[in-house]
2 protein chains.
Amino acid sequence: MTDTAGSGHLSSSLSATDLMTTLFFGGFFKFDGNNPENNGNDRLIFSKGHATPLYYSLWAVAGLISEKELLTYRKFDSVLEGHPSMRFKYTEAPTGSLGQGLSMGLGMALAAKMDGLGYKTYVLLGDGEMSEGQVWEALELASHYKLNNLIGVIDVNRLGQSGPTMIEWDVTEYKKRISAFGWETIVIDGHNFSEISQAYSLAHSSSKPSMIIAKTIKGKGVPFIENKNGFHGKPLPHEKVGEAISELGDIDKNLLGTLAKPKIGIDAKKSPPRNSISRVAQYSIGSMVATRKAYGEALAQMAYEYLSLIALDGETSNSTYSEILKNDFPDRFFEMFIAEQNMVSAAVGLAKRGKIPFVSTFSAFFTRAHDQLRLAAYAEANIKLVGSHAGVSIGEDGSSQMGLEDISLFRSLFGSVVLYPSDGVSTKKLVEEMAKNKGLTYLRTTRMETPVIYDENEKFEIGGSKTLKSSREDKATIIAAGITLHEALKAYEELETAGINVRVIDLYSIKPIDCATLEKAVEETGLLIVVEDHYKEGGIFEAVSSCLSKKNVKLESLSVTKMPRSGKPEELLRYEEIDKDAIVKKVRELLR
Amino acid sequence: MTDTAGSGHLSSSLSATDLMTTLFFGGFFKFDGNNPENNGNDRLIFSKGHATPLYYSLWAVAGLISEKELLTYRKFDSVLEGHPSMRFKYTEAPTGSLGQGLSMGLGMALAAKMDGLGYKTYVLLGDGEMSEGQVWEALELASHYKLNNLIGVIDVNRLGQSGPTMIEWDVTEYKKRISAFGWETIVIDGHNFSEISQAYSLAHSSSKPSMIIAKTIKGKGVPFIENKNGFHGKPLPHEKVGEAISELGDIDKNLLGTLAKPKIGIDAKKSPPRNSISRVAQYSIGSMVATRKAYGEALAQMAYEYLSLIALDGETSNSTYSEILKNDFPDRFFEMFIAEQNMVSAAVGLAKRGKIPFVSTFSAFFTRAHDQLRLAAYAEANIKLVGSHAGVSIGEDGSSQMGLEDISLFRSLFGSVVLYPSDGVSTKKLVEEMAKNKGLTYLRTTRMETPVIYDENEKFEIGGSKTLKSSREDKATIIAAGITLHEALKAYEELETAGINVRVIDLYSIKPIDCATLEKAVEETGLLIVVEDHYKEGGIFEAVSSCLSKKNVKLESLSVTKMPRSGKPEELLRYEEIDKDAIVKKVRELLR
């Protein structure tokens, strides 16, 4: 495969081959190959996603893909990509950015426990990725939640990409550390079939999550590359392939393995019947409510309707208001503690097993999980992210707590949706849309209370906008969302009193964006001013600018441009020139 | 302070007060308050950055700020922000996003070892943040590098923001885990002064990095909030303040503490004299070289000139080519293994102690450290980030390895510079500029070889661009950088043959951006097409669109819009329609 492709990770596959063939064909891994969605199937994640030559070969030996297909490896039209992607039907979740697989597996193991399903989740890890902190986040949480249905296997082949790993072959060091995190640890020779089999049996009977720590040889079976640096991620020199194959001994390609079947007809545990007391928060126009709180209310309400809806929070549930769901449905809330990377990847695992996870923390702290969100997008995972405490308007806590790049981050994710409501009603309606629609969706909420501006009967859709003020005499359009929408509305009042009409648009859906309405505003008013509590780069201004790039329009930006700091919310909005006064001043200046 | 401010973390400060007063005034912490830059000074980082009421009070009791100033806490004009920022002169590095302080401290401890300086670095950690994987990345690396000048103190007060921590008061569990990571661990009662003093003495004499694990009481000293949930990040009810103060007993505000002085006249170890054999790679026009390799060559060359320049890599040095510096200067290269979060925060610590760290990994994997980069920007740290393997043009490895949102990420950082050279010469020149200029600077490099297009005498500056093709008959302008510039040049040739003149601009400096040249192109050609191997959101197109928002211009984007996958580089450039053919087609279509 790697010779035909001209690239690929041969040596990293050979070290784990004995471990994985024993898992697949030793009766341990139970999988109905004709029905990958059978919910009794065990789950397998190659966290060392580069070992795809082994990964795809296992499915071939199981008779589920052909040898001919293997030779399409890494080619443009093949589903056998360099790292596992969702285009290959047996991929549980995409990997390739290291250290994420155990967290995804943790999510699947949690789902199994929730649903009372007996399947096990296996995760193959490289030893190099054990240095990623996220692995230790998954380790600590798996023991906290007593996930004895989660089984990891570390392929300790001693060599990373550029040299030896930090711990090399010191398997007792791995054992010491992982045991300390509350796991069953089983140290074995990863090329001794009897030890490997025993290890899986032991793992199956443990009351804790289990880690098999296998000392292996990188390039095993091809003596001239065994345990040698310089062969990571490279095929053999073409002229050495014959020699390598002959070193492997007689190969009988007719010999196929058989996967053990899971029990048939297993049903997910019935979800509890809908609680009769449904929670429906009502907001009257002019009343004050923080959108973060409206989110919490709406989330709990949705939980009555969507039985697969769950919530995860990074120890901020009293700030994000996911605690409302936690109080109503303690079994459907998971405290993920302060470990955002693991939280997001675990949500991917939960989503892949049919849950609808709503994941919340401060908007700033989603930057902690940017890489995990990137893979979540490639996983096409149905996850919902909710970031509170957006912008300088959080006030006194200062810059480290302010989400000022979250819109940029979430916009840049493949296929994402980005929403930013400004009041209680629009928040509630958009949370309903989030629950209904599949895919990665981000909702940005505000810390402080804001007045309700919409009637309970107003409708909101992903990709929409609301033109709140409009007349034939509009001289400019102010585009805002969230906190700045209220500043825009105040500016409208002041300008109107002075005889200047402006249009005001609530751009609550930032991606997808309502270009048609924006284009109409260009045609009718000529001048557009975007006001946002976010940095200019990648934010609402650039989203607007991007969709109007073919239009003849004067576009102005009011955004966060000075080093943010502590202060009262209104002081900071003034300092950054994104408040009512700044809007009025800008309009007057441009119309002069 | 918290009563006057109306917000702030009182209870989290009280739990650590005995620990920190003993450190400051028990003769352990050596600091010349009149000269914070004395390089013999010990260093202190509050990783639990929310404990600022304690942090600022310590400096007040040391006589370095006044009590009156304390009462400006969290106010707009005060430097005493909610979380430590660089505006306060004793802040070593900003904190507030949890779990980063130990890594920053690790960087400072590494700098001390490099320079042969005897200062110690202390880090106060909260127990809640111990769940962040980054802390374990710092723990594993500090023991790997035997940093016995790094001393952590965990304030185990059992309660997080929304409830109990994962481990609560089980200090033996902390001891087990941290010992397993190779640290000296000292478990104490964090309110027993004799145990605290003994712990610091023990830590000073250890041959390993030390962690003091202190069992404490949140809200200590104010009985009605002691060890109670619901008082995180909140001042006391105003009417209870008097009662709380009287509970603390007699307070003598005249009693100030004295900080022990560091030894005077300590000089940093002399750096080795400049190696006489300087490495100067020369590239001739038309020859082929990957910009990642040119980066490695230039980095090693700069290391001869800048004696404070060092390199950090996340186990990818043979791909990023930082290995060239590693080979020339093994003592100035730090293998940070696969732990990008710790790598970036450690670089901040190193930069704060005068080093010029160049930090490299795949461009995609900087997303792993987005939160750390965010604080690095607020730290105003002089760090350089270099991301290789940008874009779909990496080919067969597939989406997980492709940097497609890195420009967006780095553009959104406060005060950042973003560079993207296309050939060996421009890379070399821009690396020189990076070393010369202070601040957070990102360089994006390409995996595949590209032809050298610039003469060795060409000059490049941050904020500049190069107009490579230009005539009076230009009908459109193609803006590109990196790999797509070469596609643009090929398109130019094909169009010219067909009698269509286009302008070609190499936009190697994406932030700051050369608006003047772009505006001139608008005026002279009317139509601009931006071609980039990156997602549209937050990328080069939006940077261009943003700076031309007030111009009447037709702007077109050719960027990565389809789910990326494995394949040959040229197949993927074609698939995403960012290759020569796509450019030619777009120009013809628009000029029709």
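Above this note sits the structure.
Residues numbered from 1 in each chain as written. Chains lettered and ligands numbered in written order. Predicted model: local features only at pLDDT ≥ 70, side-chain atom pairs only at ≥ 80, totals over all residues. Heavy atoms only, no water.

Caption draft 1: Region of the structure containing the overall build of chain A. The number of helices and strands found in chain A is 22 helices and 19 strands. For 592 residues, the compact-globule formula gives about 25 Å, and the C-alpha radius of gyration of chain A, at 27 Å, lands near that figure. Dimensions of chain A along its principal axes, counting C-alpha atoms only, are 90 × 55 × 40 Å. Per-residue burial over chain A gives 66% buried out of 592 residues. (Helix = DSSP H or I, 4+ residues; strand = E, 2+ residues; numbered from the N terminus. Rg over C-alpha atoms; globule rule 2.2 N^0.38 Å. Buried < 20%, exposed > 50% of the residue type's maximum accessible area, 1.4 Å probe, protein only.)

Caption draft 2: View of the relation of the copies chain B and chain A. Structural alignment of chain B on chain A gives an RMSD of 0.0 Å, achieved by rotating through 180 degrees and translating 0.0 Å along the axis. One copy is carried onto the other by what is essentially a two-fold rotation axis. Most of the interface of chain B is mirrored in chain A: 100% of its interface residues are interface residues there too. (Least-squares fit on C-alpha atoms with pLDDT ≥ 70 in both. Contact = heavy atoms within 4.5 Å.)

Caption draft 3: Structural detail: the side chain of Arg292(A). Residue and element names in this part refer to chain A. In this fold, Arg 292 is placed in helix 11 (residues 291-305). Despite being buried, Arg 292 has no salt bridge partner; Glu 449 is the closest side chain of opposite charge, sitting 8.0 Å away. A polar atom in the side chain of Arg 292 sits 2.9 Å from the backbone oxygen of Arg 447. Residues contacting Arg 292, with those up to four places away along its chain left out, are Ser 319, Thr 320, Tyr 321, Ser 388, His 389, Thr 445, Thr 446 and Arg 447. (Lys, Arg positive; Asp, Glu negative; His and termini not counted. Salt bridge = Lys/Arg side-chain N within 4 Å of Asp/Glu carboxyl O. Polar contact = N/O pair within 3.5 Å; in protein donor to acceptor, adjacent residues only side chain to side chain.)

Caption draft 4: Highlighting the pattern of salt bridges. Residue and element names in this part refer to chain A. Under the criterion given, the structure shown has 62 salt bridges over all chains. Where Glu 524 meets Lys 520, a salt bridge forms, and the shortest distance between an N and an O atom there is 3.9 Å. Placement of the pair is Glu 524 and Lys 520 together in helix 19 (residues 515-525), with a separation of four residues, close to one helical turn. When its relative accessible area of 41% is taken as the criterion, Glu 524 is described as partly exposed. Across the pair Glu 589 and Lys 586 runs a salt bridge, and its minimum N-O distance is 3.7 Å. Pair noted here: Glu 589 and Lys 586 are both in helix 22 (residues 580-591), with a separation of three residues, about one helical turn. Under the relative-accessibility criterion, Glu 589 is labelled partly exposed at 37%.

Caption draft 5: Structural detail: the packing of aromatic side chains. According to the stated counting rule, one finds 63 aromatic pairs over all chains in the structure shown. Taking 5.1 Å as the distance between ring centres and 70 degrees as the angle between the ring planes, the aromatic pair formed by Phe76(A) and Tyr575(B) counts as edge-to-face. Placement of the pair is Phe76(A) in the loop between helix 5 (67-70) and helix 6 (101-115) and Tyr575(B) in helix 21 (residues 569-575), with the two residues belonging to separate chains. On the basis of relative accessibility, which here comes to 24%, the residue Tyr575(B) falls in the partly exposed class. With a centroid separation of 5.7 Å and 70 degrees between ring planes, the pair formed by Phe88(B) and Tyr90(B) is classed as edge-to-face. (Phe/Tyr/Trp six-rings, centres within 6.5 Å; stacked < 30°, edge-to-face > 60°.)

Caption draft 6: Representation of the sheet that holds strand 18 (residues 527-535) of chain B in the model. Residue and element names in this part refer to chain B. Taking strand neighbours across the sheet as the criterion, the five strands line up as 14-16-15-18-19 in an open arrangement whose pairing is mixed. The open sheet is flanked by strand 14 (466-469) and strand 19 (554-560), the only strands paired with a single partner. Taking the axes of each pair of neighbouring strands and ignoring which way they run, one obtains an average angle of 25 degrees across the sheet. Judged from the six bridges that link them, strand 18 and strand 19 form a sheet pairing that is parallel. Looking at the pairing, Val 531 lines up with Leu 558 of strand 19. This element, helix 19 (residues 515-525), spans strand 14, strand 15 (476-480), strand 16 (502-506) and strand 18 of the sheet and lies at about 175 degrees to strand 16. On top of the sheet, helix 22 (residues 580-591) reaches strand 15, strand 16, strand 18 and strand 19; it is set at about 150 degrees to strand 18, its chief contact. (Pairing = 2+ DSSP bridges. Axes fitted to C-alpha atoms, helices over the stretch in contact; angles between N-to-C directions.)

Caption draft 7: Here's a closer look at the environment of Val452(A). Residue and element names in this part refer to chain A. Mapped onto the elements, Val 452 comes out in the loop between strand 13 (449-451) and strand 14 (466-469). On the basis of relative accessibility, which here comes to 2%, the residue Val 452 falls in the buried class. Between the alpha carbons of Val 452 and His 486 there is a distance of 9.9 Å; along the sequence they are 34 residues apart. If we skip the residues at most four places from it in the chain, Val 452 touches Tyr 283, Ser 284, Ile 285, Gly 286, Ser 287, Val 289, Asp 423, Gly 424 and Val 425.

Caption draft 8: Highlighting the side chain of Asp514(A). Residue and element names in this part refer to chain A. The residue Asp 514 is located in the loop between strand 17 (509-511) and helix 19 in this model. One buried charge, Asp 514, has no salt-bridge partner; the nearest side chain with opposite charge is Lys 466, at 9.0 Å. Reaching out from Asp 514, the side chain makes a polar contact with the side chain of Ser 465 at a distance of 2.8 Å.

Caption draft 9: View of the interface of chain B and chain A. In this assembly, 107 residues from chain B lie in contact with 107 residues from chain A. Of the roughly 8,600 Å² buried between chain B and chain A, counting both surfaces, carbon and sulfur atoms make up 47%. When residues of chain B are sorted by the area they lose upon contact with chain A, Phe76(B), Met166(B) and Arg368(B) head the list and together hold 10% of the total. For the pair chain B and chain A, the interface holds twelve salt bridges. (Buried area = accessible area lost by both parts, 1.4 Å probe.)

Caption draft 10: Examining helix 6 of chain A more closely. Residues and elements named next belong to chain A. Here helix 6 is 15 residues long and its end C-alpha atoms lie 21 Å apart, about the 21 Å a rise of 1.5 Å per residue gives. Most of helix 6 sits inside the fold, with 13 of its 15 residues counted as buried. At the C-terminal side of helix 6, Gly 116 shows a positive phi close to 65 degrees. (Expected span 1.5 Å × (residues − 1).)

Caption draft 11: Molecular detail of the environment of Asp328(A). All names here are of chain A. Looking at the secondary structure, you find Asp 328 in helix 13 (residues 323-328). Relative accessible area serves as the criterion here: at 22%, Asp 328 is assigned to the partly exposed category. Separated by 253 residues in sequence, Asp 328 and Asp 581 place their C-alpha atoms 43 Å apart. A distance of 3.1 Å separates a polar atom in the side chain of Asp 328 from a polar atom in the side chain of Tyr 304.

Caption draft 12: Highlighting the state of the cysteines. Residue and element names in this part refer to chain A. The tally for this structure, following the rule as stated, stands at two disulfides over all chains. Note on cysteine connectivity: Cys 515 is disulfide-linked to Cys 547, with sulfurs 2.4 Å apart. Here Cys 515 is found in helix 19, whereas its partner Cys 547 is found in helix 20 (residues 540-547), with 32 residues between them in sequence. (Disulfide = S-S within 2.5 Å.)

Caption draft 13: Highlighting a nonpolar patch on the surface. Residues Ile245(A), Leu248(A) and Ile251(A) make up a contiguous nonpolar surface patch of roughly 280 Å² in combined accessible area. Position of Ile245(A) relative to the elements: it lies in helix 10 (residues 241-247). (Patch = residues over 30% accessible without salt bridge, like charges linked within 9 Å, V, L, I, M, F, W, Y side chains within 5 Å. Areas by Shrake-Rupley, 256 points an atom, 1.4 Å probe, with all protein chains shown as cover.)

Caption draft 14: View of the sheet that holds strand 7 (residues 309-313) of chain A. All names here are of chain A. Across the sheet, which stays open at both edges, the seven strands sit in the order 8-7-9-10-12-11-17 with mixed pairing between neighbours. Lying at the two open borders of the sheet, with one neighbouring strand each, are strand 8 (333-335) and strand 17. If you compare each strand with its neighbour and ignore which way they point, the axes differ by 20 degrees on average. With three bridges joining them, strand 7 and strand 8 adopt parallel strand pairing.

Caption draft 15: How the structure looks around helix 7 (residues 133-144) of chain B. All names here are of chain B. Across its twelve residues, helix 7 extends 17 Å between first and last C-alpha, which sits within 8% of the 16 Å expected from 1.5 Å per residue. Of all the twelve residues making up helix 7, eleven are buried; the element is thus mostly covered by neighbouring parts of the structure. Restricting attention to buried positions, one finds in helix 7 the residues Gly 133, Gln 134, Val 135, Trp 136, Glu 137, Ala 138, Leu 139, Glu 140, Leu 141, Ala 142 and Ser 143. Looking at the residues trailing helix 7, positive phi occurs at Lys 146, about 50 degrees.

Caption draft 16: The packing of helix 8 (residues 171-180) of chain A against helix 8 (residues 171-180) of chain B, seen in detail. Contact geometry of helix 8 of chain A with helix 8 of chain B gives a least axis separation of 8 Å together with a crossing angle of 160 degrees. Between helix 8 of chain A and helix 8 of chain B, the angle falls in the class roughly antiparallel. Taken as a pair, helix 8 of chain A and helix 8 of chain B cross one another with a handedness that is left-handed. Two secondary-structure elements touch here, helix 8 of chain A through Glu173(A), Lys176(A), Arg177(A) and Ala180(A) and helix 8 of chain B through Glu173(B), Lys176(B), Arg177(B) and Ala180(B). For the contact of helix 8 of chain A with helix 8 of chain B, the class distribution of residues is two nonpolar, no polar and six charged. (Parallel < 35°, antiparallel > 145°, perpendicular 65-115°, else oblique. Left-handed = near helix turned anticlockwise from the far one by under 90°. Nonpolar A, V, L, I, M, F, W, Y, C, P; charged D, E, K, R; others polar.)

Caption draft 17: Inspection of the pairing of strand 15 (residues 476-480) of chain A at higher detail. All names here are of chain A. Among the five residues that make up strand 15, five are buried, leaving the element largely enclosed by the rest of the structure. Going residue by residue along strand 15, you find Ala 476, Ile 478 and Ala 480 tucked away on one face and Thr 477 and Ile 479 tucked away on the opposite face as well. The handedness of the strand 15 to strand 16 (residues 502-506) crossover, carried by helix 18 (residues 483-497), is right-handed. Of the strand pairs in this sheet, strand 15 and strand 18 (residues 527-535) are connected by four bridges, and their pairing is parallel. Each bridged residue has a counterpart across the sheet, and for Ala 480 the counterpart in strand 18 is Val 531. (Right-handed = clockwise from strand over helix to strand, strands pointing away.)

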